[in-house]
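So you can see what is in the structure, the chains are spelled out below.
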Amino acid sequence: MIRDAAFERGTAEMDPRARLELHLHREMHAGEVLLTGNGTMALEIAIRTAQIRVGGSPAVALPAFTCFDVATAAVAAEPRVLLYDLDPETLAPDLDSLEDVLRRGGRVVVVSPLFGVPPEWDELRQLTDAYGAVVVEDAAQGVGASWRTRALGSLGDLSVMSFGRGKGWTGGEGGAVLSRGSGETWWDDLQLPAPSKARELRVLASLLGQVVFGCSELYWVPASLPFLQLGRTVYRPPEELRGLSRLAAAVLLRARTDALEAAEGRRRIGDLYRAQLASAPSVRHIRFASGAMPGLIRYPLLLHGGFEGLPSPALARRLGMEASYPGTLLDVLPLRPFLDDPSPALPGAEELARRLVTLPTHDQVSPEEVQEVIALLQDCGPVRGAPEIDRPRRGPRPIRLVGGDRNGSRPETGRRPERHVPLAREESTRETPGKMPGRSLPRTPGS
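In this text the structure is predicted, and so the values were computed from the model without any measurement. (Residues numbered from 1 in each chain as written. Predicted model: local features only at pLDDT ≥ 70, side-chain atom pairs only at ≥ 80, totals over all residues. Heavy atoms only, no water.)

Novice: Describe the nonpolar core, naming the residues involved and giving the relevant values.
Specialist: Ranked by internal contacts, the top residues of the largest apolar core, which has 99 residues, are Met321, Leu359 and Leu377. Considering every element that reaches this core, the biggest residue donor is helix α3 (residues 39–54), with 8 residues. Among residues more than four places away in sequence, those in contact with Leu377 are Leu277, Ala280, Ser282, Val283, Leu301, Leu303, Leu310, Met321 and Leu359. (Core = buried A, V, L, I, M, F, W, Y, C linked by side-chain atoms within 4.5 Å. Buried < 20%, exposed > 50% of the residue type's maximum accessible area, 1.4 Å probe, protein only. Helix = DSSP H or I, 4+ residues; strand = E, 2+ residues; numbered from the N terminus. Contact = heavy atoms within 4.5 Å.)

Novice: Before we move on, could you go through the pattern of salt bridges and cite the residues and values that matter?
Specialist: In the structure shown here, the tally under the stated rule is 21 salt bridges. Arg103 is paired through a salt bridge with Glu99; the nearest N and O atoms lie 3.9 Å apart. Of this pair, Arg103 and Glu99 both sit in helix α5 (residues 95–103), separated by 4 residues, roughly a single helical turn. Taking relative accessible area as the criterion, Arg103 reaches 48% and is therefore assigned partly exposed. Taken together, the salt bridges that share partners define one network made up of Asp15, Arg17 and Arg246. (Salt bridge = Lys/Arg side-chain N within 4 Å of Asp/Glu carboxyl O.)

Novice: Just give me the short version of the packing of aromatic side chains, but keep the residues and values in it.
Specialist: Taken as a whole and judged by the stated rule, the model has 4 aromatic pairs. Taking 5.2 Å as the distance between ring centres and 75° as the angle between the ring planes, the aromatic pair formed by Phe163 and Trp169 counts as edge-to-face. When sorted by exposure, Phe163 lands in the same class as Trp169, which is buried. Ring centres of Tyr273 and Tyr299 lie 5.6 Å apart, and the angle between their planes is 45°; this geometry places the pair in the tilted category. Of this pair, Tyr273 sits in helix α9 (residues 246–276) while Tyr299 sits in strand β12 (residues 299–303), placing them 26 residues apart in sequence. According to the relative accessible area criterion, Tyr273 is buried, its value standing at 0%. (Phe/Tyr/Trp six-rings, centres within 6.5 Å; stacked < 30°, edge-to-face > 60°.)

Novice: Could you give an account of helix α6 (residues 121–130), naming the residues involved and the relevant values?
Specialist: Among the residues of α6, those classed as buried are Trp121, Leu124, Arg125, Leu127, Thr128 and Ala130. Contact partners of the buried residues in α6: α5, β4 (106–111), β5 (134–138) and β6 (146–147). By the N-cap criterion, in which a side-chain oxygen at the helix start approaches the backbone nitrogen of a residue two or three places on, α6 is capped by Glu120, the distance to Asp122 being 3.3 Å. Gly132 sits one or two residues past α6 and shows a positive phi near 70°. (Polar contact = N/O pair within 3.5 Å; in protein donor to acceptor, adjacent residues only side chain to side chain.)

Novice: Before we move on, can you summarise the sheet that holds strand β11 (residues 292–293) with the specific residues and values?
Specialist: Read from one edge of the open sheet, 3 strands run β7-β6-β11, paired in antiparallel fashion. Two strands lie at the open edges of the sheet, namely β7 (150–151) and β11, each paired on one side alone. Bridging between β6 and β7 involves 2 bridges; their strand directions are antiparallel. Bridge pairing links Ser146 to Ala151 in β7. (Pairing = 2+ DSSP bridges.)

Novice: Lay out the packing of helix α2 (residues 16–27) against α9 with the relevant residues and their values.
Specialist: Where α2 meets α9, the closest approach of the two axes is 8 Å, and the angle between their N-to-C directions is 45°. Compared by their axis directions, α2 and α9 come out oblique. As α2 packs across α9, the resulting crossing turns out to be left-handed. Residues Pro16, Arg17, Arg19, Leu20, His23 and Glu27 of α2 lie in contact with α9, whose contacting residues are Arg246, Ala249, Ala250, Leu252, Leu253 and Arg256. Residues that form the contact of α2 with α9 fall into these classes: 6 nonpolar, 1 polar and 5 charged. (Axes fitted to C-alpha atoms, helices over the stretch in contact; angles between N-to-C directions. Parallel < 35°, antiparallel > 145°, perpendicular 65-115°, else oblique. Left-handed = near helix turned anticlockwise from the far one by under 90°. Nonpolar A, V, L, I, M, F, W, Y, C, P; charged D, E, K, R; others polar.)

Novice: Before we move on, could you go through unusual backbone geometry and cite the residues and values that matter?
Specialist: Backbone geometry places Thr149, a non-glycine residue, at a positive phi of 75°. Among the secondary structure elements, Thr149 is positioned in the loop between β6 and β7. Residue classification places Thr149 among the exposed residues on the basis of a relative accessible area of 78%. Phi at Leu296 takes a positive value of approximately 50°, unusual for a residue other than glycine.

Written out as structure tokens, the structure is:
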């Protein structure tokens with residue numbers, strides 16, 4: 001497939017990027033499509049576009065527990081930020097927390113379906129529509145997932161896709177912003193630079209590495225190289241915006257059918273985990289909403305004592321089990337100057353940071369390894385003294401229609417942090433954050 005895609009990249013036929021745009025137009029019901037160098041760049045552009053549609057300087061509501069690249073995109077877009085909590089039982093937005101954020105001026109809402117688990121989208125939209133908010137659907141982990149037969153990536157006012165490693169549908173790198181409705185897009189006058197030949201070669205190397213080292217027997221080779229940071233969640237500073245490479249687009253077009261078939265395989269593995277761990281004393285399964293078909297990039301569950309409470313964390317890592325994100329977005333120092341509320345109550349997000357563990361579902365995991373994962377979790381008893389995770393299920397919520405100004409004034413956020421800043425949990429020798437250097441955005445001549 002990679003060889004054929006590389007050949008296609010060099011032919012004089014229609015640019016594979018244009019063909020990929022047409023595919024996303026049709027499959028994702030998108031009015032406009034912009035292909036980007038990665039999903040983080042796509043999310044930055046989507047946030048900027050959503051702010052334009054709302055008007056003024058609206059606050060942006062972010063999920064408190066998600067990939068740290070969401071914080072990177074927000075830092076690049078420089079909005080006022082409000083964090084909302086998640087429900088640990090469903091991984092979906094805690095609607096009470098989200099409504100509180102909307103009341104305080106959040107008019108752009110980023111929703112990230114973790115591991116391809118769709119939230120109860122109809123209820124979510126009822127709430128956001130009542131406040132006139134623009135919803136940015138961060139479907140970076142949503143390949144193969146759907147809500148009431150509509151694919152994740154086709155639901156938001158703006159949607160974001162990611163084609164990086166481990167996303168289920170990969171071209172080595174890349175992302176896309178999908179726009180719906182008649183609203184203006186921030187990228188109307190934006191001319192993203194085409195990747196250089198060196199970048200194309202880097203994409204090729206990444207794809208070959210995934211083919212060679214993707215199997216369980218050889219994954220330890222790249223995992224042992226610390227500069228790759230595989231299996232680690234770290235904050236990465238914003239990059240200059242760029243477009244998608246031709247090679248990545250060609251690979252994505254050829255891999256689409258395989259990606260959807262792989263999602264079916266992930267669901268079968270997820271069903272096996274769910275059935276055989278139904279009575280495991282340490283395990284609480286995530287509850288999927290009625291009408292949701294999860295993509296399960298990985299299989300998430302809540303574990304008493306978290307990952308380190310396993311009998312053998314080393315064996316768990318060898319089998320492909322992982323702790324989820326190590327903290328909330330409140331732990332990301334570069335995001336803090338943008339927060340309207342520096343100390344929000346986030347009990348659900350904090351619980352997920354402590355207890356969420358994910359299991360492998362990819363097509364390289366063998367049936368024997370799946371059974372070893374199940375056996376390890378069945379042997380793991382509850383941690384003595386650990387409180388039960390027992391949250392009442394909410395029924396339908398009354399939605400209050402509100403009036404007033406859709407916008408909020410942007411407060412002074414003080415000095416901006418430098419790009420290379422560690423997480424709060426890491427040691428830092430810097431006493432005060434410096435001023436963020438301006439980003440030079442590529443634009444068409446004359447703009």
